[in-house]
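This is what each chain is made of:
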Amino acid sequence: MQASCPAVNVVWFKRDLRLLDHAPLATACQSPLPILLLYPLEPMLLEDRHYSKRHWRFIWQSIMDLNRQLQPFDARIQVVGAGAIDCLESIAQQYSIAGLFSHEETGLANTFERDRQVMRWCRQRHIKWTEFPDGAVIRGNQSRDHWDRHWKQVMRAPLANPVLANCQFASLNDAALYAAPTEWCEPDTQMQAGGETAAQLVINDFYQGRGQT
């Protein structure tokens, strides 16, 4: 990284492919620094037996939906086909990373270990990584005492909606971005469509129609 590299904050998207109620993005938007929106397509997950073509189609549809929403703000998710640390190293060749913002991730042991490695990487480079719980799960918790009180507190908290109009966004060279396989881009009418927009249509249909019967 060159000393003259412009500074950015990086928002790392994981299992949180939405714009509404997104605490990492909302917090990054409060800074005057440009924001780089990152989704690493990690080889370890592409090869993981817990994922299949239908998962990746759903994820890709979700990213494309976000990019349509972000277009008026001259922004898009930067999808890079590499591990998280490799992505951050690549970004650090073009920008000075002032801060990293993300949700915590729960579920697979390999992503938990990956996050530990990212934490060490950030500490070595004096980059502040701000993580936010995603839902009411307390990662690494050893006790279930008072879990219900915590759950109610989280569920009743106000939404963390980013003010995108106040933000500037950074981007990477197009050559660094991932080109999805054709099979991810073809819709499957037998599967639920990915994306925040499609999800909103489903929930509106439930509240205004199906849920009334």
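Residues numbered from 1 in each chain as written. Predicted model: local features only at pLDDT ≥ 70, side-chain atom pairs only at ≥ 80, totals over all residues. Heavy atoms only, no water.

J.: Got a minute to help me understand the environment of L19 in this structure?
T.: Looking at the secondary structure, you find L19 in the loop between β1 (7-12) and α1 (23-28). Residue class for L19 comes out buried when judged on its relative accessible area of 6%. With 51 residues separating them along the chain, L19 and L70 place their C-alpha atoms 9.0 Å apart. Once residues within four sequence positions are removed from consideration, L19 is found in contact with L25, L66, Q69, L70, P162, L164 and E196. (Helix = DSSP H or I, 4+ residues; strand = E, 2+ residues; numbered from the N terminus. Buried < 20%, exposed > 50% of the residue type's maximum accessible area, 1.4 Å probe, protein only. Contact = heavy atoms within 4.5 Å.)

J.: Would you explain the nonpolar core in this entry?
T.: One recurring pattern in soluble globular proteins: nonpolar side chains tend to sit buried together. Judged by nonpolar contacts, the single largest core of 31 residues is most densely connected at F13, L37, Y39 and I77. Of all the elements in the fold, those that place two or more residues in this core are α1, β2 (35-40) and α3 (53-70). The dominant element in this core, judged by the number of residues it contributes, is α3, at six residues. Not counting residues up to four positions away in its chain, the partners in contact with I77 are F13, L37, L38, Y39, I63, L66, N67 and L70. Of all hydrophobic cores here, the second largest spans 23 residues; its members include W12, A82, C87 and V118. (Core = buried A, V, L, I, M, F, W, Y, C linked by side-chain atoms within 4.5 Å.)

J.: What's the story with the sheet that holds β2 in this structure? I'm lost.
T.: The strands that make up a sheet are held in pairs by hydrogen bonds between backbone atoms, and each pair lies either parallel or antiparallel. The strand order β3-β2-β1-β4-β5 describes an open sheet built from five strands, whose pairing is parallel. Edge positions in the open sheet fall to β3 (78-80) and β5 (128-132), since each of these has one partner strand only. Sheet twist, expressed as the average angle between the axes of neighbouring strands with direction ignored, equals 25 degrees. Both β1 and β2 contribute to a ladder of four bridges, which runs parallel. From the neighbouring strand, V10 faces β2, where its bridge partner is L36. Its contacts with the sheet put α3 on β2 and β3, and the angle it makes with β2 is roughly 165 degrees. With respect to the sheet, helix α4 (residues 84-92) is in contact with β1, β2, β3 and β4 (96-103), its orientation differing from that of β2 by roughly 150 degrees. (Pairing = 2+ DSSP bridges. Axes fitted to C-alpha atoms, helices over the stretch in contact; angles between N-to-C directions.)

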